[in-house]
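Topology and contacts: notes
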Amino acid sequence: MRDRLRIALTKGRLQDQSVELFEAMGLDCHPIREPGRRLVHTIPNYPLDVVLAKAPDVITYVEHGVCDLGIVGKDTILEQGGSFYEVLDLGFGKCRFALAVKKGTDFYGTYKTRRIATKYPNVARSFFEKKGMDVSIIKIEGSVELAPILDLSDGIVDIVETGATLRENGLVPIEDVASVSARLIVNIASMKLNKQEITEFIDRCELELERRR
């Protein structure tokens, strides 16, 4: 059993916002501020080690117990799923999943099977299943906005922040699919084995989030 907690942070903007939260909680995060090529970092003044990882890997590391905790976007949780506790909405990294179509399109005014392009096939499939709609999902890895422009799809399901990219490509959001923000997740076994330490960390996070409101 480790004598220090280990948390996986999603690289990029969520990493930066997580570090801001930790520093506001009194944690010395200078090793993460200047990471170099290192991927595992020790917080000097708190029993916590930080692993920097891509979003899907954060879930994998927490699920398999090599990390006790993780910070990851709700978008990744909805798409990937997994077995862990989702304990806290951290309130940053806010955006939303939306269904968007070419401007002027009557998406719901036809009985044909609609084609949906997306980077998030599980999110899209679940959304339309709840509506009882039969759709054809096309997985896209790059700029999903291209699909309706090239008539590959009738619409897209994608993450939307300001909507500027949609507008620039002649697309409009017609329905919200799900809200997204950063979440704190915990390994199921770790919650039992390190309950006191994890609860204390969650409490410190909650206290700072409450102070910000």
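Here the structure is a predicted model, which is why all the values come from computation and not from measurement.

The rules behind these values
Residues numbered from 1 in each chain as written. Predicted model: local features only at pLDDT ≥ 70, side-chain atom pairs only at ≥ 80, totals over all residues. Heavy atoms only, no water. Helix = DSSP H or I, 4+ residues; strand = E, 2+ residues; numbered from the N terminus. Buried < 20%, exposed > 50% of the residue type's maximum accessible area, 1.4 Å probe, protein only. Contact = heavy atoms within 4.5 Å. Polar contact = N/O pair within 3.5 Å; in protein donor to acceptor, adjacent residues only side chain to side chain. Arc of directions from axis to C-beta. Core = buried A, V, L, I, M, F, W, Y, C linked by side-chain atoms within 4.5 Å. Phe/Tyr/Trp six-rings, centres within 6.5 Å; stacked < 30°, edge-to-face > 60°. Lys NZ or Arg CZ within 6 Å of the ring centre and 35° of its normal. Pairing = 2+ DSSP bridges. Axes fitted to C-alpha atoms, helices over the stretch in contact; angles between N-to-C directions.

Assigned secondary structure in the protein chain consists of 9 helices and 11 strands. Overall size of the protein chain, expressed as C-alpha extent along the three principal axes, is 60 × 35 × 30 Å. Per-residue burial for the protein chain yields a buried fraction of 46% across its 213 residues. Taking all contacts inside the protein chain whose residues are at least 6 apart in sequence as the whole, residues at least 24 apart take part in 67%.

With that settled, the discussion passes to the environment of S153. With respect to the element layout, S153 can be found in the loop between α6 (146–149) and β9 (155–160). Along the chain, S153 and R114 lie 39 residues apart, while their C-alpha atoms are 7.5 Å from each other. Those residues in contact with S153 that sit more than four places away from it in its chain are R115, I116, A117, A147 and P148. Within the structure, S153 has its side chain in polar contact with the backbone oxygen of G155 (distance 3.0 Å).

Our focus in this paragraph is helix α5 (residues 121–131). The complete set of buried residues in α5 reads P121, V123, A124, F127 and F128. Down the axis of α5, the smallest arc covering the buried residues is 165°, so these residues share one side. Residues of α5 that are exposed and angled more than 90 degrees away from the buried face: E129 and K130. In this structure, the buried residues of α5 make contact with α4 (74–80), β6 (95–102), β7 (114–118), β8 (135–139), β9 and β10 (171–180). At the exit of α5 stands G132, carrying a positive phi of roughly 70°.

In this section: the nonpolar core. Side chains of nonpolar character tend, in soluble globular proteins, to be buried together. In terms of nonpolar packing, the biggest core is built from 30 residues, with I7, F22, L27, L48, L90, L184 and F201 touching the most fellow members. Only β1 (5–10), α1 (13–24), β3 (48–53), β4 (69–73), β11 (182–186) and α9 (195–212) provide two or more residues apiece to this core. Leaving out residues up to four positions away in the same chain, L90 has contacts with L21, I71, A182, R183, L184 and L209. The next biggest cluster of nonpolar side chains, apart from the first, holds 16 residues, and it includes C95, F97, V101 and V177.

Let us now look at the packing of aromatic side chains. Tallying each qualifying case throughout the model produces 6 aromatic pairs. Residues F22 and F201 carry aromatic rings whose centres are separated by 5.7 Å and whose planes lie at 70° to one another, so their mutual orientation is edge-to-face. A residue pair is termed long-range when its members are at least 10 positions apart, and F22 in helix α1 and F201 in helix α9 qualify at 179 residues. Look at F22 and you get buried, because its relative accessible area is 0%. Owing to a relative accessible area of 0%, F201 belongs among the buried residues under this scheme. Members of the aromatic cluster, joined through ring pairs, are F107, Y108, F127 and F128. Over the ring of F107 we find R114, and its NZ or CZ is 5.5 Å from the ring centre.

Strand order in the open sheet made by the 6 strands is β2-β3-β1-β4-β11-β5, with mixed pairing throughout. Two strands close off the open sheet at either side, each with one partner strand: β2 (40–42) and β5 (85–89). On average, each strand axis in the sheet is inclined to that of its neighbour by 25°, with strand direction left out of account. Taken together, the 6 bridges between β1 and β3 define a ladder with parallel strand orientation. The residue of β3 that forms the bridge with R6 is D49. Along the sheet, helix α3 (residues 55–63) makes contact with β1, β3, β4 and β11, crossing β4 at roughly 150°.

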